Amino acid sequence: MNKAIRVHRTGPASVLKWEDVTITSPKPGEAIIRNTAIGLNFIDTYHRKGLYPLPTPFTPGVEGAGVIEALGTKVEGLKIGDRVTYCSDPIGSYSEKRCFPADRLIKIPRGITDEQAASMMLKGLTAAMLLKHIYVPKPSDTILVHAAAGGVGLILCQWAKYLGANIIGTVSSRKKAALARANGCDKTIIYSESNFVDRVLRYTKGEGVPVVYDGVGKDTYPGSLDCLSMRGIWITYGNASGPVPPIAPLTLLQKGSLFMTRPILNHYITTKQAFTSLAKELFEVVKSGAVKIHVEQRYQLREAAKAHRALEQRKTVGSTILIP
Ligand SMILES: NC(=O)c1ccc[n+]([C@@H]2O[C@H](COP(=O)([O-])OP(=O)(O)OC[C@H]3O[C@@H](n4cnc5c(N)ncnc54)[C@H](OP(=O)(O)O)[C@@H]3O)[C@@H](O)[C@H]2O)c1
């Protein structure tokens, strides 16, 4: 029998239940994948808690890698046995086997392991969206990255360093600060101990940074805006500490004609072409060694609740994998 983690009502990590799930034959255009590694993402906790509402019951999970076990009709370019990876919709990667639209699967290139692929599709493509589509750092830029030792954070910092940027990263502990510095950060600020706005302004001689990549949300607002130079951009791309409260447009004027965007990866990979070309850029930086994928924690899939607790308690660094 195929097993999966199911959510019947939203709530704390204990709502994640390990259950039998029937898997049907693939429909035209679909593939059945036997997952070999599943990526843990902060977004999974928003789904579980109901912050990003989904109809119940559902199987969480937005990132994974595995092997094709069956194919529906009308699938081109893939065969049974291919190693593939995927992210985003339809959600449901917390399962031993699952169905997925074949045209949203990417063959895993040689040289990339299943664990690496499952750790980087959502997190790495998010970094690619931020750095390639929203604000491309110039070598002369000093940029600010919050939660620099996290899953997205470690990839983002290494990639931004590869592009030549000078990086200030915020983190909550000395251990995380050391990891962030080993992965691209020039300076780190322990924002739970010191005022990150004062430190950023000191590092930039009062000028501020042209961009803040902010996946933390509530706790770094409004400080993130106060770190920006005139006409800088605040990219608020996540809510690890909770959602940001409503903001009046006049606030952006008063703080220096600032820009603000609240992006989600799905909206940047709407076409197959956009998806595959962003994935190609990600695989290239990983294969070249410019970006290393840090799989720092592993849990059995059936222990997903433990993994969620660790992520929410800020005990993880880099990427976390669930093994079916
Ligand atoms: N917009 C998109 O399309 C998109 C896609 C993927 C991910 N995201 C967002 O990117 C962010 C990072 O995702 P991730 O999966 O890589 O997670 P992660 O960064 O590995 O974990 C979240 C980190 O946020 C920091 N944090 C600050 N305040 C926190 C709090 N009150 N509770 C928990 N953590 C807190 C922690 O780092 P410190 O201990 O160092 O503070 C924690 O390790 C999330 O906000 C996620 O929603 C957005």
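The structure displayed is predicted, hence computed values, not measured ones.

*Asks:* Before we go on, may I ask you to explain the nonpolar core in this structure?
*Replies:* Generally speaking, nonpolar side chains in soluble globular proteins are found buried as a group. With 90 residues, the main nonpolar core has L125, I143, L156, C157, V212 and L282 as its most contacted residues. Counting residues per element, this core draws most heavily on helix α2 (residues 114-134), at eleven residues. Both domains that meet at this core, namely domain 1 (3-121 + 271-323) and domain 2 (139-262), each give it at least three residues. Leaving out residues up to four positions away in the same chain, L125 has contacts with C87, L265, I269, L278, A279 and L282.

*Asks:* How should the pairing of strand β15 (residues 319-323) be read in this particular structure?
*Replies:* Remember that side chains alternate between the two faces of the sheet whenever the strand is regular. Counting buried positions along β15 yields four of five residues, so the element is predominantly enclosed. The pairing of strand β3 (residues 30-39) with β15 spans two bridges and is antiparallel. Bridge pairing in β15 places I38 opposite L322. The pairing of strand β14 (residues 295-300) with β15 spans five bridges and is classified as parallel. Across the sheet, the residue bridging to Y299 is L322, located in β15. Regarding topology, helix α9 (residues 304-312) serves as the crossover connection from β14 to the parallel β15, and that connection is right-handed.

*Asks:* I'm lost on the site of the ligand in this one. Help?
*Replies:* Neighbouring the ligand are 30 residues; G150, G151, S172, G215 and G238 lie closest to it. For the shell around the ligand, the secondary structure elements donating two or more residues are α1 (42-49), α2, α3 (151-162) and α9. Class assignment for the residues of the shell around the ligand results in 14 nonpolar, eleven polar and five charged. Two domains each provide a minimum of three residues to the shell around the ligand, namely domain 1 (3-121 + 271-323) and domain 2 (139-262).

*Asks:* Is there a simple way to explain the pairing of strand β8 (residues 142-145) in this structure?
*Replies:* Side chains of β8 alternate between two faces, with T142 and L144 and I143 and V145 buried alike. The sheet contact formed by β8 and strand β9 (residues 166-171) spans four bridges and is parallel. Bridge pairing in β9 places T142 opposite N166. As for the winding sense of the linkage, the β-α-β connection from β8 through α3 to β9 is right-handed. With two bridges joining them, β8 and strand β11 (residues 209-214) adopt parallel strand pairing. Across the sheet, L144 pairs through a bridge with V212, a residue of β11.

*Asks:* Teacher, can you tell me more about the domain arrangement of the protein chain here?
*Replies:* Quoted interface sizes are often the accessible area lost when the parts come together. Once the domains are mapped, the protein chain shows domain 1 (3-121 + 271-323) and domain 2 (139-262). On a C-alpha basis, the centres of domain 1 and domain 2 stand 28 Å from each other. Contact with domain 1, which involves 13 residues of that partner, is made by 13 residues of domain 2. Of the residues belonging to the side of domain 1 that touches domain 2, the class tally is seven nonpolar, four polar and two charged.

*Asks:* Where do I start with the environment of V75 in this structure?
*Replies:* Mapping V75 onto the fold places it in the loop between β4 (63-71) and β5 (83-87). According to the C-beta neighbour criterion, V75 is partly exposed, with 18 such atoms within 10 Å. For the pair V75 and A102, spaced 27 residues apart in the sequence, the C-alpha separation amounts to 6.5 Å. Setting aside its immediate chain neighbours within four residues, V75 contacts G29, A31 and A102.

Here is what the cut-offs are and how they apply
Residues numbered from 1 in each chain as written. Predicted model: local features only at pLDDT ≥ 70, side-chain atom pairs only at ≥ 80, totals over all residues. Core = buried A, V, L, I, M, F, W, Y, C linked by C-beta atoms within 7 Å. Buried ≥ 20, exposed ≤ 12 C-beta atoms within 10 Å, placed from the backbone. Helix = DSSP H or I, 4+ residues; strand = E, 2+ residues; numbered from the N terminus. Domains from an automatic or database assignment. Contact = placed C-beta atoms within 7 Å. Pairing = 2+ DSSP bridges. Right-handed = clockwise from strand over helix to strand, strands pointing away. Near = placed C-beta within 6 Å. Nonpolar A, V, L, I, M, F, W, Y, C, P; charged D, E, K, R; others polar.

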